[in-house]
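If you want the building blocks of each chain, they are given just below.
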Amino acid sequence: MPVLYLLDQGSTLHKDGEVFTITKDGKVLGKIPAIKVEQVVILGNINLTTPVIHYLLQQGIDCVFCSSYGKFHGRLISTESKFGLLRQRQVEFILQSGKKLAMAKAFVQGKLQNQRTMVMRYRRELDLPQLDKTVAELERAIDKLKDCTDLALLRGVEGAASAGYYRSFKGILKQDLGFSSRVRRPPTDPVNSLLSFGYTLLVYAIQSAVHTVGLDPFIGFLHSVEPSRPSLVLDLMEEFRPIIVDSLVLWLINSKVMTEQDFKRPEEGKMVILTEEAIKKFIYHYELRLQTQIYHRRAQGRVAYRRCFELQARELAQAVLKQEPTYKPFVVR
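My aim in this report is to walk through the structure given alongside it, one point at a time. (Residues numbered from 1 in each chain as written. Predicted model: local features only at pLDDT ≥ 70, side-chain atom pairs only at ≥ 80, totals over all residues. Heavy atoms only, no water.)

Re the packing of helix α10 (residues 276-291) against helix α11 (residues 305-322)
Two elements in contact, α10 and α11, have axes separated by 5 Å at closest approach and are oriented at 60 degrees. By the angle class used here, α10 and α11 are oblique. Judged by residue contacts, E287, R289 and L290 of α10 engage Y305, R306 and F309 from α11. Split into classes, the residues belonging to the contact of α10 with α11 amount to three nonpolar, no polar and three charged. (Axes fitted to C-alpha atoms, helices over the stretch in contact; angles between N-to-C directions. Helix = DSSP H or I, 4+ residues; strand = E, 2+ residues; numbered from the N terminus. Parallel < 35°, antiparallel > 145°, perpendicular 65-115°, else oblique. Contact = heavy atoms within 4.5 Å. Nonpolar A, V, L, I, M, F, W, Y, C, P; charged D, E, K, R; others polar.)

Side note on a positive patch on the surface
On the surface, K133, R140, K144 and R167 cluster together to form a positively charged patch. If you tally residues by element for the positive patch, the top one is helix α4 (residues 132-144), at three residues. Topologically, R140 is positioned in helix α4. Of the residues examined, R140 reaches a relative accessible area of 49% and is grouped as partly exposed. (Patch = residues over 30% accessible without salt bridge, like charges linked within 9 Å, V, L, I, M, F, W, Y side chains within 5 Å. Areas by Shrake-Rupley, 256 points an atom, 1.4 Å probe, with all protein chains shown as cover. Salt bridge = Lys/Arg side-chain N within 4 Å of Asp/Glu carboxyl O. Lys, Arg positive; Asp, Glu negative; His and termini not counted. Charge placed at Lys NZ, Arg CZ, Asp CG, Glu CD. Buried < 20%, exposed > 50% of the residue type's maximum accessible area, 1.4 Å probe, protein only.)

Observations concerning the nonpolar core
Looking at soluble globular proteins, one finds that nonpolar side chains tend to be buried together. Core analysis: the biggest nonpolar cluster contains 94 residues, and I244, F282, Y286 and L316 have the highest contact counts within it. Counting residues per element, this core draws most heavily on helix α7 (residues 190-213), at 14 residues. One finds L13, I32, L56 and I61 within the second-largest nonpolar core, a separate group that totals 17 residues. (Core = buried A, V, L, I, M, F, W, Y, C linked by side-chain atoms within 4.5 Å.)

Pasting the structure below:
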């Protein structure tokens, strides 16, 4: 169990010797060996004891705090760092506009290629010839990348291609849950709610890998640098969105693992969120997806998707240290 998700509202996480214990109202809800935990994700009103906080900081274990429906609030971060040279090189790299643009193109190319693969799979599996148009649009967008002379043009190509990609979901989905396009803030239908929640979890996982490798998560190549924005994490996340979150969301809905009953509107308005039980259901299947084994050239063998996040972060770190835009995105076939 590399990630410990704490979901039971009003519960408390204790540390007894080498074991994490979760309690609520005097009852033990669960016990986990502390050595097995690589990250803690807290969703809602959950307490940590002081010994737990000290242990997480001393061991450098990432701890993320969110609202009960997944909105990010903050994280515990140890002040220790051994990666001064790497971060210095990272800053030097983004100050070189040509190299920065080349690196940004690699992230976008990885994303678009994986989106194309996703659509082609559903084209074959569901016999949907109308998806040929989306595949062609993505192929044209990939071809345009070489002609992008600045980040604004690159983001424009990526944005237009992704908009068409998301529109194709309407034909792929076997349940009509009101989805027509990607809507972020706030998500206005169950599909967008699932996508947003899944991307939020993916951010946590990739940021943990970035911290492990030693890169600065706030200094990115494709995404602009803004206060409190983990721009580099968002960069690395792009190639994994289609194959981790999008594919999972489409499967959950088409398999009717998730239905309209798994969602609610917390108050008058357009926002749609998952119920507590739906959050648990989604996290269960999300974690199964991250444990799926797939070939990674850097490992020269099959590894779990979660391990791929770290391997890609190391790939990027090597490119940064060499001061060459040689990063190769992770793509599937």
